[in-house]
Amino acid sequence: GAVVSQHPSWVICKSGTSVKIECRSLDFQATTMFWYRQFPKQSLMLMATSNEGSKATYEQGVEKDKFLINHASLTLSTLTVTSAHPEDSSFYICSARGGGRGADTQYFGPGTRLTVL
Amino acid sequence: QKEVEQNSGPLSVPEGAIASLNCTYSDRVSQSFFWYRQYSGKSPELIMSIYSNGDKEDGRFTAQLNKASQYVSLLIRDSQPSDSATYLCAVINGGGGGADGLTFGKGTHLIIQP
């Protein structure tokens, strides 16, 4: 149980284009999903918290107009990187809360590696 | 700003020995603590959660929490080469309830020597 998927697993795009990443909870309903970013040899940094049916809450320093988050259902959240630039190249990982073993336990998706040329 | 501190390592442990990983956190009101394992190029995998002072055991893993000292540790008994990974300590940002995300330490790179 508590399986989270992400799609795509990797993407390469040109500078200035937009990229959408999907995060799905496969076997449980997730009222809250989280988006993290991990640069090489660094730890995960929380970007935003996504609640079903409401606007996302962004961490300080994360541009909400650049990183668009939509949590349209209890099993799906999407992150769109708009007008991507090389400095946005990173490992983007979503997590979902729920699925037993403690109400605040987060289960992580496999991640999406974004490379912006 | 909440902080979670870990020794980055690498920590090298012989196969079959006990690996001891440590973590300190800055926010005294933190209530929920997690250990994740991350293999290179992969996303984190939950190992243990701990909420109360004392020890919590799950198979070869034991998590220890001391809120007075703001200290969390993870012991891995009978270490195996497959345990070689980066171990991330994480703390819930808020007072609990699941609404807040996690603050991660930078991770300890563990190497189990065959």
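Structure shown above.
Keep in mind that what you see is a predicted model, and the values were worked out from it rather than measured.

Conventions and cut-offs
Residues numbered from 1 in each chain as written. Chains lettered and ligands numbered in written order. Predicted model: local features only at pLDDT ≥ 70, side-chain atom pairs only at ≥ 80, totals over all residues. Heavy atoms only, no water. Helix = DSSP H or I, 4+ residues; strand = E, 2+ residues; numbered from the N terminus. Rg over C-alpha atoms; globule rule 2.2 N^0.38 Å. Buried < 20%, exposed > 50% of the residue type's maximum accessible area, 1.4 Å probe, protein only. Areas by Shrake-Rupley, 256 points an atom, 1.4 Å probe, with all protein chains shown as cover. Lys, Arg positive; Asp, Glu negative; His and termini not counted. Charge placed at Lys NZ, Arg CZ, Asp CG, Glu CD. Contact = heavy atoms within 4.5 Å. Pairing = 2+ DSSP bridges. Phe/Tyr/Trp six-rings, centres within 6.5 Å; stacked < 30°, edge-to-face > 60°. Lys NZ or Arg CZ within 6 Å of the ring centre and 35° of its normal. Polar contact = N/O pair within 3.5 Å; in protein donor to acceptor, adjacent residues only side chain to side chain. 1 Å grid on protein atoms, 1.4 Å probe; cavity = no way out; pocket = protein on both sides within 12 Å on 5 of 7 lines; lining within 4 Å. Points joined across faces, edges and corners; volume = space filled by probe spheres on them. Nonpolar A, V, L, I, M, F, W, Y, C, P; charged D, E, K, R; others polar. Buried area = accessible area lost by both parts, 1.4 Å probe. Salt bridge = Lys/Arg side-chain N within 4 Å of Asp/Glu carboxyl O.

Colleague: Where do I start with the overall build of chain A in this structure?
Modeller: Secondary structure assignment for chain A yields zero helices and 11 strands. The secondary structure elements of chain A, listed N-terminal to C-terminal, are β-β-β-β-β-β-β-β-β-β-β. For chain A, whose C-alpha radius of gyration is 13 Å, the value lies close to the compact-globule estimate of 13 Å for 117 residues. For chain A, the spread of C-alpha atoms along the three principal axes comes to 40 × 25 × 20 Å. For chain A, the residues scored as buried account for 51% of the 117 residues in total. With the model as given, the accessible surface of chain A reaches about 5700 Å², and the carbon-plus-sulfur share is 53%. Here chain A contributes 11 positive and 9 negative side-chain charges, whose respective centroids are spaced 4 Å apart.

Colleague: Where do I start with the environment of Gln29 of chain A in this structure?
Modeller: Residues and elements named next belong to chain A. Note on placement: Gln29 falls in the loop between β3 (19–25) and β4 (32–38). As a C-alpha pair, Gln29 and Ile12 span 17 residues in sequence and 30 Å in three-dimensional space. Leaving out residues up to four positions away in the same chain, Gln29 has contacts with Leu74 and Arg97.

Colleague: Explain the sheet that holds strand β1 (residues 4–5) of chain B to me, please; I cannot follow it from the model alone.
Modeller: Working definition: the strands of a sheet are paired by backbone hydrogen bonds and lie parallel or antiparallel to each other. All names here are of chain B. Spatial ordering of the open sheet is given by β1-β3-β8-β7-β6, a layout of five strands whose pairing is antiparallel. Single-partner strands in this sheet number two, and they are β1 and β6 (54–58). With six bridges joining them, strand β7 (residues 61–66) and strand β8 (residues 71–76) adopt antiparallel strand pairing. Bridge pairing in β8 links Ala63 to Leu74.

Colleague: How do you make sense of the packing of aromatic side chains when you look at a structure like this?
Modeller: Aromatic ring pairs are defined here through the distance separating the ring centres and the angle between the ring planes. One pass over the full model with this rule turns up 10 aromatic pairs over all chains. Ring geometry for Phe108 of chain A against Phe104 of chain B: centres 5.9 Å apart, planes inclined by 65°, an arrangement best described as edge-to-face. Of the two residues, Phe108 of chain A sits in strand β10 (residues 106–108) while Phe104 of chain B sits in strand β10 (residues 102–104), which places them in two different chains. There is no split in this pair, since Phe108 of chain A and Phe104 of chain B are both buried. Three or more aromatic residues joined by ring pairs form one cluster here, namely Tyr36 and Phe108 of chain A together with Phe34, Tyr36, Tyr51 and Phe104 of chain B. Taking NZ or CZ as reference, Arg113 of chain A lies 4.2 Å from the ring centre of Phe91 of chain A, over its face.

Colleague: In this structure, what is going on with the side chain of Gln38 of chain B? I would like to understand it.
Modeller: Here Gln38 of chain B shows up in strand β4 (residues 33–38). Exposure remark for Gln38 of chain B: the relative accessible area of 8% places this residue in the buried category. Here the side chain of Gln38 of chain B touches Gln38 of chain A through a polar contact of 2.8 Å, side chain to side chain. Not counting chain neighbours up to four residues away, the residues in contact with Gln38 of chain B comprise Gln38, Leu44, Phe91 and Ile93 of chain A together with Ser43, Pro44, Ala85, Thr86 and Leu88 of chain B.

Colleague: Any chance you could explain unusual backbone geometry here in plain terms?
Modeller: With the exception of glycine, the majority of residues adopt a negative phi angle, and the majority of peptide bonds are in the trans configuration. In this chain, His7 of chain A is followed by Pro8 of chain A through a cis amide linkage whose omega measures 0°. Here Pro8 of chain A lies in the loop between β1 (4–7) and β2 (10–13). For the bond from Gly9 of chain B to Pro10 of chain B, the omega torsion is 10°, close enough to zero to count as cis. For Pro10 of chain B, the position within the fold is in the loop between β1 and β2 (11–14). Even without a glycine there, the phi angle at Lys41 of chain A is positive, about 60°. The class of Lys41 of chain A is exposed, set by a relative accessible area of 87%.

Colleague: Explanation requested: empty space enclosed by the protein in the structure shown.
Modeller: With a probe scaled to a water molecule rolled over the atoms, the places where space remains empty come into view. Residues and elements named next belong to chain B. For the structure on display, the rule yields one cavity of 30 Å³ or more. Taken as a whole, the largest cavity spans an internal volume of roughly 50 Å³. Together, Lys2, Glu3, Val4, Tyr25, Ser26, Asp27, Ser30, Val91, Ile92, Asn93 and Thr103 line the largest cavity. When the residues that make up the lining of the largest cavity are grouped by side-chain class, the tally is four nonpolar, four polar and three charged.

Colleague: Explain the interface of chain A and chain B here, please?
Modeller: A common way to express how large an interface is: the accessible area buried when the components associate. Listed as interface residues are 22 residues of chain A and, on the opposing side, 24 residues of chain B. When the two sides are added together, the surface that chain A and chain B hide from each other amounts to roughly 1600 Å², 51% of it contributed by carbon and sulfur. Together, Ser43, Asp104 and Phe108 of chain A form the three largest contributors to the area buried by chain A at its contact with chain B, with a combined 32%. For the interface between chain A and chain B, the tally reads zero salt bridges. At the surface where chain A touches chain B, the tally comes to five residue pairs in polar contact (both at pLDDT 80 or more). Those elements giving two or more residues to the side of chain A that touches chain B turn out to be β4, β5 (45–51), β9 (90–97) and β10 of chain A. Ranked by residue count, the leading element in the side of chain A that touches chain B is β4 of chain A, at four residues.

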